[in-house]
Amino acid sequence: MNGTIQASPQSPPAFSWEQWYESIGGRHIRIAEVESYLKKIYEDQYLRFDGEPAAEKYIFPSPAEASQRIKSKALEFGADISGICEIEPSDIYKGRTVTEKYAIAVGQRMRWREFQTVPSRESAIECLRVYYTLGETVIQLAQYIRSLGYTCRIEHPIGDSDLLHIPIGLKAGFGELGRHGSIIHPEIGPLFRMGSVITSIPFETDKPIDAGIAAFCDTCKACRIYCPAKAIPDERSAAAGKDHLGNDRYMIDTGKCFPYFATHNYCSICLPVCVYNHKEWAKDFDGYKTKLFPTVIMNEPPPPADKVPAELRHQYPRTGRDS
Ligand code: SF4
Ligand code: SF4
């Protein structure tokens, strides 16, 4: 029987996107392809989230085989990486509850060739393209799990979600938390997006990894130097909590990042400038002319968006501000 997992008292509230956009005077990015992907996600994919499990339940020979089979199906359905972890109260947004025991995390890489100039129309469209294709992956995976007689729910990479994607990805073995606040995978770097399917199939879980990436961040500051909003910190902060390795986390000043992100084609500069992209570049040399380092367009940042009420947002440090 499933138990109910309550969010931890320390959990942040889920993203109130409308309040965030209101705080900067509405949505600014107007790109037809982006609008088209958003429409398809909200008006088509969201309607395909739910479904009934088959009457007959398939019994897996062992938790290890269940994990192996479900993760290989996720790859077959379009994921580039897949991992499984147990859901804990700190993975759940404030006030939410989850009855499923495990999260199957899936990630899909974004193409380097679209991030050779950032921010750009191309990089914005690529973000949304991957949100859409990842949406198809989680829908197919959920349908497959239901065909085996198990219930499950989708945590789409965009929109409302009960789970925090980052801690789930870290526990599922996707990589380490970078200074820029995104997960860095040892092979595909930080240029990927994540979603998950949650279920209570008895699984063997993956383990977080320590490949020396978080330690490297302590000496590399490329993302911090190139962040036009100056939202990425110099130092780890004890108040930001711990990452999966027990380090104090680096915490982004979201009040400075969001206005830049929302007015400059989802910014994303911190991802392609991250040195951990190098290993993946070769893949995009196949037939495409690519640069070794992106052209980075840095404009004057808009004022910070601090009007979102504290109870509707997670806490963030006021990085490099006078007061
Ligand atoms: S998305 Fe842009 S503004 Fe936000 S942290 Fe990254 S580089 Fe800075
Ligand atoms: S650019 Fe450097 S400091 Fe920033 S996340 Fe990547 S490795 Fe870490």
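For clarity, every value in this text was computed on a predicted model and none was experimentally measured.

1. Examining helix 2 (residues 32–45)
Thought 1: Here helix 2 spans 18 Å end to end across 14 residues, near enough to the 20 Å set by a 1.5 Å rise per residue.
Thought 2: Listed in full, the buried residues belonging to helix 2 are Tyr 37, Ile 41 and Gln 45. Within helix 2, the buried residues cover an arc of 40 degrees as seen down the axis, which keeps them to one side. Of the exposed residues in helix 2, those oriented more than 90 degrees away from the buried face are Ala 32, Lys 39 and Glu 43.
Thought 3: Of the surrounding elements, those touching the buried residues of helix 2 are helix 4 (121–147).

2. Some words on the nonpolar core
Thought 1: Ranked by internal contacts, the top residues of the largest apolar core, which has 83 residues, are Tyr 102, Ala 103, Ile 104, Ala 105, Val 106, Leu 141 and Val 197.
Thought 2: The element best represented in this core is helix 4, accounting for 11 residues.

3. Comments concerning unusual backbone geometry
Thought 1: Cis geometry is found at the peptide bond from Val 118 to Pro 119, where omega equals -10 degrees.
Thought 2: Take Pro 119: it is sitting in the loop between strand 5 (117–118) and helix 4.
Thought 3: Positive phi values are uncommon outside glycine, yet Asn 265 reaches one of about 50 degrees.
Thought 4: With respect to the helices and strands, Asn 265 occurs in the loop between helix 8 (254–263) and helix 9 (278–281).
Thought 5: At Ser 268, a residue that is not glycine, the phi angle is positive and equals roughly 65 degrees.

4. What to know about the sheet that holds strand 6 (residues 152–155)
Thought 1: As summarised here, the arrangement of the 4 strands in space is 2-4-9-6, forming an open sheet in which the pairing is antiparallel. Unpaired on one side and paired on the other, strand 2 (81–86) and strand 6 mark the two borders of the sheet. Taken pair by pair, the neighbouring strands of this sheet meet at an average axis angle of 20 degrees, ignoring direction.
Thought 2: When strand 6 meets strand 9 (residues 192–199), the two strands line up antiparallel, connected through 4 bridges. When the sheet's bridge partners are listed, Ile 154 is paired in strand 9 with Val 197.

Conventions and cut-offs
- Residues numbered from 1 in each chain as written.
- Chains lettered and ligands numbered in written order.
- Predicted model: local features only at pLDDT ≥ 70, side-chain atom pairs only at ≥ 80, totals over all residues.
- Helix = DSSP H or I, 4+ residues; strand = E, 2+ residues; numbered from the N terminus.
- Expected span 1.5 Å × (residues − 1).
- Buried ≥ 20, exposed ≤ 12 C-beta atoms within 10 Å, placed from the backbone.
- Arc of directions from axis to C-beta.
- Contact = placed C-beta atoms within 7 Å.
- Core = buried A, V, L, I, M, F, W, Y, C linked by C-beta atoms within 7 Å.
- Pairing = 2+ DSSP bridges.
- Axes fitted to C-alpha atoms, helices over the stretch in contact; angles between N-to-C directions.

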